[in-house]
Amino acid sequence: MKQRARFSRTVVVGGAALALVLSLSGCGGDSDAAGGDTLRVLVYGDAANKVEKEIVATFNKTSKVKAVLDTIPGADYQAKLQTIINSKQAPDVFFNWGGGSIKPFVDAGLLLPLDPFIAEAPDLKAKFLPSVFNSAVVDGTSYGVPMRGTQPVLLFSNGKVLERAGVEPPKTWDDLLAAVKALKADGVTPIALGGGDRWPTLMWFEYLYDRIAGPELFQKALDGDRDAWASPDSRKALSKIRELVDAGAFGTNYDSVKFTDQGSPTLLATGRAGFELMGSWEYSTQQDAHPEFAKSDLGYSAFPSVEGGKGDRANVVGNTNNFYSVLKKTKHPRAAAEFLKLMYSDRFVKAQLAIGNLPTTTNTEGFLATAASPEFAKFQYDMVKAAPAFQLSWDQAYPQSAATAMYQSLQQFFNGSMDEDAFIKAMQALPTS
């Protein structure tokens, strides 16, 4: 679903190089010396690609094996990756979300364990926040190195629209309902929603379930406790979603609007909507497409609390980070290892901060002042650092095989074509492994 340049050397010398080659000899071939060969790197196609292009160019300055960056448009990324991952078109290194997004590939024996890389270059693990790095550890083995940045979901806003309607960023659920009423009265859609992509709709479920039930309910469901979906807290969360939709918060055509074609971000930027609940990549998206709006009028706040709820308002949902994983059949394990080292250098951190992303390296805090918006960077950093819980997006925590049925159920409940009991039954039927 959704989103968010570290640079270092690309030369391994002496005994360390020999040890690394030997440690990987059972994991994949190695034709790194073949100067004409390439390391294919596949990423999610969006505004953050400018940093990934810069990384590839930096890598190619010193590497005999040349990296080539391939992109797949965001809306098609997951499906196309599934199609090519075990084909001749498969990349050597590919973008993912860790967790459930890579477990099927691990189970199928397609991914290269990265622990041998880490044994030779401990910073591949030590330079990242443990809670983030561990999102790509499967059955005790490391299969991903963080790239891009952490991606908490925030409530973004158009400052001019809110000011005109006399609205402040909501701190409570009642505040949000009052803001919806005021924005409707002012003739704008209260909340932009790319319902046509379906995954933006999921963010509302994630936060309301967290605020009402705390993170424990979803974890129980993920662990196979299907009764969790039928609990009173689950039903209360669904009733709040229904309340917001019925209040006209999203207008009437949200299922025909998409984030991936700039539909919902444009509604926010052009003053036709007051809010948008979106991952932190909203900033880089707006900076790329609507730079003046991003600079002057783009606001952001935490998701509001819900009275009587068990979840802490400081809890966060979203993606802990994106990751690069390596296919076991790569011909270039050494080159892949050197490419991954670029993900934690000072230069990479600065490049990500420059487009509004927040890397999860241990040195990030020292560079917040260099960000495109130091205030936004610090807000995110403090938010993630203080969060008692950071819930990985449901569609990344569940195996990929659950995604289609999950999205369909979310969309149908949201638009009123599925009732509460049917939604619960559908979520209970999702595969958890």
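These lines cover the structure that appears in this document, whether it is placed above or below. Computed from a prediction, not measured in an experiment: that's the story for all the values here.

Thoughts on the sheet that holds strand β1 (residues 38-45)
Here is step 1: With respect to topology, five strands assemble into an open sheet ordered β2-β1-β3-β12-β6, the strand pairing being mixed. With partners counted over all chains shown, the strands left at the sheet margins are β2 (66-73) and β6 (145-147), one partner each. Neighbouring strand axes in the sheet, compared pairwise and without regard to direction, differ in orientation by 30° on average.
Here is step 2: By the bridge criterion, three bridges tie β6 to strand β12 (residues 322-326) in an arrangement that is antiparallel. Bridge pairing in β12 links methionine 147 to asparagine 322.
Here is step 3: Strand contacts of helix α2 (residues 49-60): β1, β2, β6 and β12, with the helix running at about 165° to β2, the strand carrying the most contacts.

Structural notes on the pairing of strand β9 (residues 273-279)
Here is step 1: Counting buried residues along β9, seven of its seven residues qualify, which places the element largely inside the surrounding structure.
Here is step 2: Direction of pairing for strand β7 (residues 151-158) relative to β9: antiparallel, over a ladder of five bridges. Following the sheet pairing, leucine 155 is matched in β9 by leucine 277.
Here is step 3: Direction of pairing for strand β8 (residues 189-192) relative to β9: parallel, over a ladder of three bridges. Opposite isoleucine 191, over in β9, you have phenylalanine 275 as the bridge partner.

A closer look at the packing of aromatic side chains
Here is step 1: One pass over the full model with this rule turns up 31 aromatic pairs.
Here is step 2: For the pair phenylalanine 156 and phenylalanine 376, a centre-to-centre distance of 6.1 Å together with 55° between the ring planes defines the contact as tilted. Taken together, the residues phenylalanine 156 in strand β7 and phenylalanine 376 in helix α18 (residues 374-386) connect sequence positions 220 residues apart. The two residues phenylalanine 156 and phenylalanine 376 agree in class, both being buried.
Here is step 3: Considering the side-chain rings of phenylalanine 218 and tryptophan 394, the 5.0 Å spacing of their centres and the 5° angle between planes classify their relative orientation as stacked. Here tryptophan 394 lies in helix α19 (residues 394-397) and phenylalanine 218 lies in helix α11 (residues 215-222), a separation of 176 residues in the sequence. Exposure class is identical for phenylalanine 218 and tryptophan 394. Each is buried.
Here is step 4: An aromatic cluster of at least three residues, connected via ring pairs, comprises Trp204, Phe205, Tyr207, Phe250, Tyr254, Phe303, Phe413, Phe414 and Phe423.
Here is step 5: In this arrangement the basic side chain of arginine 242 is found over the ring face of phenylalanine 413, its NZ or CZ atom lying 5.3 Å from the centre.

With respect to empty space enclosed by the protein
Here is step 1: The volume enclosed by the largest cavity comes to roughly 50 Å³.
Here is step 2: In terms of lining residues, the largest cavity is bounded by Glu206, Tyr209, Asp210, Gly214, Pro215, Phe218, Gln391 and Trp394.
Here is step 3: Ranked by residues supplied to the lining of the largest cavity, first place goes to helix α10 (residues 199-213) with three residues.
Here is step 4: Residues that form the lining of the largest cavity fall into these classes: four nonpolar, two polar and two charged.
Here is step 5: As a volume, the second largest cavity reaches approximately 40 Å³.
Here is step 6: As for the second largest cavity, its lining consists of Tyr283, Leu353, Gly356, Asn357, Leu358, Ala371, Ala372, Ser373, Phe376, Ala377 and Gln380.
Here is step 7: The leading source of residues in the lining of the second largest cavity is α18, at three residues.
Here is step 8: Looking at the lining of the second largest cavity, its residues break down into seven nonpolar, four polar and no charged.

The rules behind each value
Residues numbered from 1 in each chain as written. Predicted model: local features only at pLDDT ≥ 70, side-chain atom pairs only at ≥ 80, totals over all residues. Heavy atoms only, no water. Pairing = 2+ DSSP bridges. Helix = DSSP H or I, 4+ residues; strand = E, 2+ residues; numbered from the N terminus. Axes fitted to C-alpha atoms, helices over the stretch in contact; angles between N-to-C directions. Contact = heavy atoms within 4.5 Å. Buried < 20%, exposed > 50% of the residue type's maximum accessible area, 1.4 Å probe, protein only. Phe/Tyr/Trp six-rings, centres within 6.5 Å; stacked < 30°, edge-to-face > 60°. Lys NZ or Arg CZ within 6 Å of the ring centre and 35° of its normal. 1 Å grid on protein atoms, 1.4 Å probe; cavity = no way out; pocket = protein on both sides within 12 Å on 5 of 7 lines; lining within 4 Å. Points joined across faces, edges and corners; volume = space filled by probe spheres on them. Nonpolar A, V, L, I, M, F, W, Y, C, P; charged D, E, K, R; others polar.

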